[in-house]
Amino acid sequence: MLLQRHIEGNDYRLIVIDGEVVAAIQRCPAEVWGDGVHTTRELIDLDNMTNPRCGQLPHEKSMNLIDPEAVRAF
């Protein structure tokens, strides 16, 4: 088990090699906005197909595809 103190603010992932930061990325939760017509699943599928920032493979582009199974609707 790993316990860490929660700190408010942006979430960043850093890659450090030999004590030097070689890459950094700000992590943001996936989101889609409803339009009153499409289901959440349809909106996710549409975003995954049309968003030029999304890549098929992890780290292929600046964003990964949204996993419909990992999304919870509010």
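Just above sits the structure.
Throughout what follows, the structure given in this document is the object of discussion. For clarity, every value in this text was computed on a predicted model and none was experimentally measured.

### Concerning the pairing of strand β1 (residues 11-17)
And step 1. The sheet contact formed by β1 and strand β2 (residues 20-27) spans 7 bridges and is antiparallel. Pairing of Val-16 across the sheet is with Val-21, part of β2.
And step 2. The antiparallel hairpin formed by β1 and β2 contains 2 residues in its connecting segment, where Asp-18 sits at a positive phi of about 50°.

### Focus: a nonpolar patch on the surface
And step 1. A contiguous nonpolar patch, built from Tyr-12, Leu-14, Val-16 and Val-21 and spanning about 400 Å² of accessible area, is present on the exposed surface.
And step 2. Looking at the nonpolar patch, the element that brings in the most residues is β1, giving 3 residues.
And step 3. On the secondary structure map, Val-21 appears in strand β2.

### So, helix α1 (residues 40-50)
Residues lying three or four places apart along an α-helix face the same way, a consequence of the helix completing one turn every 3.6 residues.
And step 1. By the burial criterion, the buried members of α1 are Leu-43, Ile-44, Asp-47 and Asn-48. One side of α1 holds all its buried residues, which, seen down the axis, span an arc of 130°. Away from the buried face of α1 by more than 90 degrees, exposed residues Met-49 and Thr-50 are located.
And step 2. On its buried face, α1 sits against β3 (54-55).

### Regarding the pattern of salt bridges
And step 1. Tallied over the entire structure, the rule returns 3 salt bridges.
And step 2. Across the pair Asp-11 and Arg-27 runs a salt bridge whose closest N-O atoms are separated by 3.1 Å. One end of the pair, Asp-11, is in strand β1; the other, Arg-27, is in strand β2, and 16 residues separate them in sequence.
And step 3. By relative accessible area, Asp-11 is classed as partly exposed at 38%.
And step 4. In this structure, Arg-41 and Glu-69 form a salt bridge, with 3.6 Å as the shortest nitrogen-oxygen distance. Taken together, the residues Arg-41 in helix α1 and Glu-69 in the segment after β4 (63-64) connect sequence positions 28 residues apart.
And step 5. Owing to a relative accessible area of 44%, Arg-41 belongs among the partly exposed residues under this scheme.
And step 6. Among the charged side chains, a salt-bridge network with shared partners connects Arg-41, Asp-45 and Glu-69.

Cut-offs used in this document
- Residues numbered from 1 in each chain as written.
- Predicted model: local features only at pLDDT ≥ 70, side-chain atom pairs only at ≥ 80, totals over all residues.
- Heavy atoms only, no water.
- Pairing = 2+ DSSP bridges.
- Helix = DSSP H or I, 4+ residues; strand = E, 2+ residues; numbered from the N terminus.
- Patch = residues over 30% accessible without salt bridge, like charges linked within 9 Å, V, L, I, M, F, W, Y side chains within 5 Å.
- Areas by Shrake-Rupley, 256 points an atom, 1.4 Å probe, with all protein chains shown as cover.
- Salt bridge = Lys/Arg side-chain N within 4 Å of Asp/Glu carboxyl O.
- Buried < 20%, exposed > 50% of the residue type's maximum accessible area, 1.4 Å probe, protein only.
- Arc of directions from axis to C-beta.
- Contact = heavy atoms within 4.5 Å.

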